[in-house]
Amino acid sequence: MYELLQAPCTREDAAPLKDTSYSVPAMDDLWQITGGLCGVVEAGGTIGPSVHTKLVPRGLVVGAELEGDGATTPSQSLNERQPRRWCCCAGRESARNLRVGSELLRFEDLLGAVLDTAARLVRLVHCPVSSGARVRRDIVLHVGGDEKVLAAVNEWTSRLNEKCKVKGQRNYHALINPASGSGQAASRWQQARELFDSLTHLNITESFTTRAGEAGEIASQLDPRQCDGIIVVSGDGMVHEVFNGLASRSDRSEALRIAVGHIPAGSGNALAKSILHSSGEAFGVLDAAFLIAKGHQQDLDLMTVSQPSQPDRTSFLGLSAGVIADVDLGSEWLRFLGGFRFTLYAGVCIVYPRPLLAELHYWPSHAGQPPMPPPSIDSELPTGPWASISGPFTVFWSSNMEWTSYNTQLAPGQSMEDGVCSIVLLRNAGRVALTRFLLALESDGGHLDVEGTEKLECRAFRLRPLSTDARGYFSLDGEEVPLQPIQFWPAGQGRVIGSSSPDGPIDSVMAV
Ligand SMILES: Nc1ncnc2c1ncn2[C@@H]1O[C@H](COP(=O)(O)OP(=O)(O)OP(=O)(O)O)[C@@H](O)[C@H]1O
């Protein structure tokens, strides 16, 4: 038996108060009638006059409080001296929001409702955007009533979870690199883990890496039938290792279905930034964890990288040479400074620039796909619509992604899954042009307006240093590789965790 109780409600078309009883046998009907979930929360005091009515199972919800990282609104907390009634309703009036008291929660900010039957609590795991970034602001509802009510609440939480559009049960393996960036991987992981642990749909195994190369080894052994994703808590170097671990397997195409999530804990964090930006999220640990918890995925272009006398590697990001590689790799010893090391070392490289004297052959993006398989780096390029240019390249920078670090949008608007690689060049530049270019890098693509900057779009390229005693670095996905001829060729796609568009069959059951 359910009763018609009074409750504040914002629905303008709600029926006027009637003191009557109403029998509603099934939750389905209740959902239909109220346009969604419903409940009344009382904390002290008596029910006062009300202008609207709401159909609720008596005692469905008998208390609520907001929780959060200091962001709790005090006026929303329930206490004895401040009698307050809450009405939760969703559905017809808004397919996008859930109302809890005076709070309007967006389903897209919710990661789910978790029912603790023993404690008779429902936790709404809630990460709204505040001042541009996500914050943790859970809401806990206290459940009263008998077993029947509990069963109704159980169904209520299932429906709510469907509306949150979170991917179903996932098994993730987290790889945390204590040596990455300025050494904050463990504390960043802790913040993400707290979020994951409050959700029932995530099953996480964690490994703290103890040496270079270990992440790739673990990735090469994970069972794609039992692992849905790898969460890298490090920088791009370890992401590179993981993709190489997956791509080098005999079951490569199966293995590459294991998606890679990135909690930024390195210095550059290009993958995390590119995923977050393409999903409309701010760059932050909780923002990245939120997307991983939602679980939607997107494809990421991979490229096979060949060099003489070296095993082929797989690149997800790109290659830098000249001043950019010097800034990236020459500043390794300043790692303790975090991302600031790049800014500081750029000053050194402006004073002592080391351009790369080399010849570039590239397959323009408009010319379709280059032939497969990739040619040997020691052989001639296959015939095709190749274009060629030569250095000295003060800056050589190729990228599969829009962002090459958290603060450098090298190729604005570039998709990470269209098979196109951008190459940004600055040829034979003086110190003034180089300074302008470097300063403009942090200004949303402003570097492309600096005089002398060129941008090419290609699907494959070969770069051949012209001097045998060439100095400087090649930085491949942020890791040093020999300064020798190098070739990039399409290698299919991997998957990354994090996308604003749901990719699973989890649409709202309440199409209103
Ligand atoms: N426990 C460890 N001790 C030392 N090195 C490790 C350990 N675990 C992983 N590594 C290695 O650390 C290297 C650097 O890590 P990573 O590139 O992820 O961070 P970063 O260099 O700080 O970030 P970014 O690439 O964004 O600049 C990787 O090549 C990885 O193999």
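All residue numbers refer to position in the chain's written sequence, counted from 1. Whole-chain, interface and lining totals are the exception, using all residues; otherwise, since this is a predicted model, local features are given only for residues with pLDDT of at least 70 and side-chain atom pairs are given and counted only at 80 or more.

1. Points about helix α9 (residues 323–330)
Point 1. We call a residue exposed when 12 or fewer other C-beta atoms sit within 10 Å of its C-beta, buried when the count reaches 20 or more, and partly exposed for counts in between; the C-beta positions come from the backbone. Put simply, DSSP marks the helices as runs of H or I at least four residues long and the strands as runs of E at least two long, and each gets a number from the N terminus on. For α9, a buried count of six out of eight residues is recorded, marking the element as mostly surrounded by other parts of the structure.
Point 2. When we look at burial in α9, the residues that qualify are Val323, Ile324, Ala325, Asp326, Val327 and Asp328.
Point 3. Once C-beta atoms have been placed from the backbone, residue pairs whose C-beta atoms lie within 7 Å are recorded as contacts. Buried positions along α9 lie against β20 (319–322), α10 (340–351), β23 (393–399), α11 (431–440) and β26 (474–476).

2. As for the nonpolar core
Point 1. Judged by nonpolar contacts, the single largest core of 118 residues is most densely connected at Val233, Val242, Ile263, Ala289 and Val395.
Point 2. With eight residues, helix α8 (residues 285–294) is the single largest residue contributor to this core.
Point 3. Dropping the residues within four chain positions of it, valine 242 is found in contact with Leu175, Ala215, Gly216, Ala219, Ile230, Val232 and Val260. The nonpolar core is taken to be a set of buried Ala, Val, Leu, Ile, Met, Phe, Trp, Tyr and Cys residues joined by way of C-beta atoms within 7 Å.

3. A short note on the domain arrangement of the protein chain
Point 1. An automatic or database domain assignment provides the domain bounds reported here. Assigned domains of the protein chain: these are domain 1 (2–163), domain 2 (171–296) and domain 3 (306–497).
Point 2. Contacts between domain 1 and domain 2 engage ten residues on the former and twelve residues on the latter.
Point 3. No other element matches strand β9 (residues 110–116), which puts three residues into the side of domain 1 that touches domain 2.
Point 4. Classes in brief: Ala, Val, Leu, Ile, Met, Phe, Trp, Tyr, Cys and Pro nonpolar; Asp, Glu, Lys and Arg charged; the others, Gly included, polar. When grouped by side-chain class, the residues that make up the side of domain 1 that touches domain 2 number five nonpolar, two polar and three charged.

4. Points about the UniProt feature "domain: DAGKc" (unreviewed entry) in the protein chain
Point 1. UniProt positions are given in the numbering used here, feature names are shortened, and annotations may be inferred rather than shown by experiment. Taking the numbering used here, the UniProt-annotated feature "domain: DAGKc" (unreviewed entry) corresponds to residues 167–309.
Point 2. A distance of 43 Å separates the end C-alpha atoms of residues 167–309, which is 39% helix and 25% strand.

5. Side note on the site of the ligand
Point 1. Lining the immediate surroundings of the ligand are 22 residues, of which Thr209, Gly235, Gly237, Gly266 and Gly268 lie closest.
Point 2. For the shell around the ligand, the element with the highest residue contribution is helix α5 (residues 236–247), accounting for four residues. Should the C-beta atom of a residue, placed from the backbone, lie within 6 Å of a molecule or strand, that residue is near it.

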